[in-house]
Amino acid sequence: MTTTYNFLLAGVGGQGTILASNVLAEVGLAAGFDVKKSEVHGMAQRGGSVNTHIRWDAEKVHSPLIGLAEADILLAFEWAEALRYAGYLKPGGAAVVNQCTIKPITVTSGGAHYPTEQELIQALGGITSRLHIVPGTAIAQDLGNARVANVVLLGALSTLLDVPQAVWLQVIESRVPPRFLELNFRAFEAGRQSVAD
């Protein structure tokens with residue numbers, strides 16, 4: 001069993017990155033790891049960049065912060081954020097990237113370039129062959145609620161870790177209002193399936 005994991009979650013305000021990071025931290029604790037977490041919200045409430053560093057260690061985590069080329073797993077909720085934080089992924093690490101674009105005003109006003117899927121694949125492909133592009137937002141919309149895309153992505157991420165599925169579901173249950181529980185369970189399973197397929 002792996003004794004340490006460094007995760008970097010990156011997204012845009014409103015995508016549920018904070019809930020996802022809370023679930024991931026609690027899963028680590030439930031699986032017996034020491035866990036530390038650090039969040040940067042920035043202009044999150046206005047659609048700005050949000051990132052979270054989470055570290056699991058079988059012994060002791062001394063600092064929550066992850067340096068460049070140290071993340072075992074990059075979980076990106078949006079294309080540009082995947083590229084923005086690509087440098088944190090260690091060579092051979094795994095990247096789970098939501099097939100989602102949220103173009104900032106600098107792009108929509110014509111003042112800046114938004115990365116293409118090909119540019120993303122090229123950039124991350126230079127770091128790792130373990131790139132999983134997941135249509136998380138589309139899967140969530142198909143389930144009837146785009147807001148569960150974060151749980152779809154956690155489902156995809158869960159396939160990369162040696163933690164029983166029951167642990168994930170238990171933590172999700174503790175975090176989600178009862179009326180949304182079945183939807184979130186379905187989103188988690190759909191995310192797992194998206195990587196298996």
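Predicted model, so just to flag it, every value in this text is computed and none were measured.

A. Representation of the layout of surface pockets. Size it by volume and the largest pocket reaches roughly 460 Å³. Surrounding the largest pocket, 26 residues form its lining, Gln15, Gly16, Arg147, Val148 and Asn150 being those nearest its centre. Of all the secondary structure elements, the ones that give two or more residues to the lining of the largest pocket are helix 1 (17-30), helix 6 (149-158) and helix 8 (181-196). Grouping the constituent residues of the lining of the largest pocket by class yields 14 nonpolar, 11 polar and 1 charged.

B. Region of interest: empty space enclosed by the protein. One pass over the structure, following the stated rule, counts 1 cavity of 30 Å³ or more. In this model, the largest cavity occupies a volume close to 30 Å³. In this structure, the largest cavity is lined by Leu19, Ala20, Val23, Asn150, Val151, Leu154, Ile172 and Val176. At the level of elements, helix 1 and helix 6 are the ones that each hand at least two residues to the lining of the largest cavity. Residues that form the lining of the largest cavity fall into these classes: 7 nonpolar, 1 polar and no charged.

Cut-off values and rules
Residues numbered from 1 in each chain as written. Predicted model: local features only at pLDDT ≥ 70, side-chain atom pairs only at ≥ 80, totals over all residues. Heavy atoms only, no water. 1 Å grid on protein atoms, 1.4 Å probe; cavity = no way out; pocket = protein on both sides within 12 Å on 5 of 7 lines; lining within 4 Å. Points joined across faces, edges and corners; volume = space filled by probe spheres on them. Helix = DSSP H or I, 4+ residues; strand = E, 2+ residues; numbered from the N terminus. Nonpolar A, V, L, I, M, F, W, Y, C, P; charged D, E, K, R; others polar.

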